[in-house]
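In case you want the letters, here they are:
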Amino acid sequence: MSNDILLLLSSSASHKTQEIAGKISEGQRISNEDALFLYNNASLGELAIMADWVRQKLNSDVVYFNRNFHIEPTNICVYQCKFCAYSRKANEDGAWEYSIEDILNQVKLYDGAPVTEVHIVGGVHPNRDIYFYAQMLQAIRNHRSDIHIKAFTAVELNYMIQKSGMSIQDGLQYLKAHGLDSIPGGGAEIFDDEIRKQLCHEKSSTEMWLNIHENAHLCGLPSNATMLYGHIETYEHRVNHLSKLRELQDKTNGFNAFIPLKYRKSNNQLSHIGEVSIIEDLKNYAVSRIYMDNIRHLKAYWPMLGKEVMQLALSFGADDIDGTIDDTTKIYTMAGVKDKNKMDVPEMISIIRQSSKKPVERDSLYNIIKNY
Ligand code: V47
Ligand code: SF4
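This section reports on the structure supplied with the text.

Conventions used here
Every chain is numbered independently, its residues counted from 1 as its sequence is written. Whichever chain is written first becomes A and whichever ligand is written first becomes 1, with later ones labelled in order. Local features in this predicted model are restricted to residues of pLDDT 70 or higher, and side-chain atom pairs are both shown and tallied only at a pLDDT of 80 or more, whereas totals for entire chains, interfaces and linings draw on every residue. As a convention, hydrogens and water are excluded, and side-chain values are obtained from all of the structure's heavy atoms. One bridge is not enough; two strands pair if DSSP finds at least two bridges between them. Secondary structure counts use DSSP, requiring at least four H or I residues in a row for a helix and at least two E residues in a row for a strand, with both numbered from the N terminus. The contact criterion used throughout is that any non-hydrogen atoms of two residues lie within 4.5 Å. For every element, the axis is a line fit to its C-alpha atoms; helices are fit only across the contacting stretch, and the angle between N-to-C directions ranges from 0 to 180 degrees. Nearness of a residue to a molecule or strand requires only that one of the residue's heavy atoms be within 4 Å of it. A pocket, in this scheme, is an open set of points on a 1 Å grid over the protein atoms alone with protein on both sides within 12 Å along at least 5 of 7 lines, while a cavity is a set where a 1.4 Å probe fits but cannot get out; residues line either one if an atom lies within 4 Å of a point. Pocket or cavity membership: a molecule qualifies when more than half of its atoms sit within 2 Å of the grid points of that site. Classification of ring pairs uses Phe, Tyr and Trp, with its six-membered ring standing for Trp, and accepts pairs whose centres are within 6.5 Å; under 30 degrees between planes counts as stacked, over 60 as edge-to-face, and the remaining range as tilted. For a lysine, the NZ atom is tested; for an arginine, the CZ atom; a charge sits over a ring if that atom is within 6 Å of the ring centre and within 35 degrees of the ring normal. Grid points are joined across faces, edges and corners, and a volume is the space filled by probe spheres set on the points. For this classification, Asp, Glu, Lys and Arg are treated as charged, while Ala, Val, Leu, Ile, Met, Phe, Trp, Tyr, Cys and Pro are nonpolar and the rest, including Gly, are polar.

1. Side note on the sheet that holds strand β6 (residues 255-262)
Taken in spatial order, the three strands line up as β5-β6-β7 in an open sheet, and their pairing is parallel. The open sheet is flanked by β5 (223-229) and β7 (297-298), the only strands paired with a single partner. Inspection of the sheet shows β5 paired to β6 by seven bridges, in the parallel sense. Residue M227 lies in a different strand from β6, and its bridge partner there is P260. Contacting β5 and β6, helix α11 (residues 235-252) crosses the sheet at an angle of about 170° to β5. The sheet strands contacting helix α12 (residues 278-291) are β5, β6 and β7, and the helix crosses β6 at an angle near 160°.

2. Side note on the side chain of K283
Summarising the element assignment, K283 is placed in helix α12. Ignoring any residue separated from it by four or fewer positions in sequence, one finds K283 in contact with Y39, L44, L47 and Y235.

3. Quick word on the site of ligand 2
The full set of residues close to ligand 2 is C77, Y79, C81, F83, C84, Y86, S87, G123 and K203. Its atoms largely coinciding with the cavity grid, ligand 2 occupies the largest cavity.

4. Topic: the sheet that holds strand β10 (residues 368-371)
Each strand in a sheet pairs with another by means of backbone hydrogen bonds, the pair being arranged parallel or else antiparallel. Strand order across the open sheet formed by four strands is β8-β1-β9-β10, with mixed pairing between neighbours. This sheet does not close on itself; its edge strands, each paired only once, are β8 (320-323) and β10. Put simply, the sheet's adjacent strands are angled 25° from each other on average, direction ignored. Across four bridges, the pairing between strand β1 (residues 62-66) and strand β9 (residues 358-362) is parallel. Looking across to β9, one finds that V63 is bridged to P359.

5. Some remarks on the packing of aromatic side chains
Each pair of aromatic rings is reported with the distance of its centres and the angle of its planes. Within the structure shown, the criterion is met by eleven aromatic pairs. For the pair F65 and Y372, a centre-to-centre distance of 5.9 Å together with 40° between the ring planes defines the contact as tilted. Pair noted here: F65 is in strand β1 and Y372 is in the segment after β10, with a separation of 307 residues, a long-range link. Members of the aromatic cluster, each reached through a chain of ring pairs, are Y86, W96 and Y98. For the cation-ring pair, K307 lies above W302, with the distance from its terminal atom to the ring centre recorded as 5.6 Å.

6. Some points on empty space enclosed by the protein
Tallying each qualifying case throughout the model produces three cavities of 30 Å³ or more. What the largest cavity holds in volume is close to 740 Å³. Elements represented by at least two residues in the lining of the largest cavity include exactly β5, β6 and α15 (331-334). Of the residues belonging to the lining of the largest cavity, the class tally is 19 nonpolar, 13 polar and seven charged. Contributing to the lining of the second largest cavity are E117, K150, S182, I183, P222, S223, N224, N256, K299, R362, S364 and Y366.

Here it is in structure tokens:
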């Protein structure tokens, strides 16, 4: 087994690429310098071989999906991240804020449907506090005891918990007691003070994001992690970001999945910089898969990547395509993604099978619901 990866690589691969492939095949961790080398020098073919090897080792030939829908309680936000096409100020055209009754009505649309997860994220509303959101969670929980509630980015959590005067631990425990099951990965952007200053200067820091997730893991709330790439960051920034996540995962083992989020350019203050190529997307998936040896799942989030690139990502390390979504999120359509924002289960199965992988429906914690 240990030579397979080297045999697959062409003999024209550079000495350094072969050395990194040797580490991967022996189950050794690659260094930050190795990751940077791969970003700068490895060919797409070489990256596909190495990432696919790691994916296979962690997840065999399985590609996961789930049945989920989103709720976006409000797009009113105290922050103004430059990449965001979605947020509005109160009373601005296009702003929305749903009441708890409205939100419950959105959940009721799925009465009797076999969805297993609701994903709830939105803007950081200036007047909504932890008590509002706990009431919202409780209303959903009372209505559907069987559904997994994955809710609130670390940025939303930080704001609502600070507003309440609670400690981070107490705030998270309070939300958990009202129905919160896990935390999505948003708000991470890029863990670098200089870049954050330029992208989202008022928003919570790297330390805050990591602290919220560490505390969540400590109180038994698993979470996901993201990285917003393809804007003004360099490869060094990406490697630094990945290294902070790998380090925290070594400590807590609380991350279920890592989700690289491609910056999409429409209707925001960074539109002029454009978007990176598909080659760059695939390279980023592969390096992330190879480097993050301790986060088992790598998610190709199709509403952001588009269905075609999502399918290609399955050959560059991804083993999860998120869920059916049912046209319930606006973040990426507002930022210019054209694909229809829903996918039924037969389409997911077909996309996965076309990639020579085995489709598996999972729950939010990656327990198997059904093999197809
Ligand atoms: O934090 C906002 C990103 C995130 C743009 O945990 C943009 O399963 C690209 O985190 N172009 C929120 N990205 C969404 C998120 C997420 C999505 C899917 C699954 C999970 C999960 C989490 O969306 C924000 C920000 O990084 N974002 N605007 C944009 N123009
Ligand atoms: Fe607000 Fe989130 Fe948009 Fe930033 S990305 S402006 S925090 S909604």
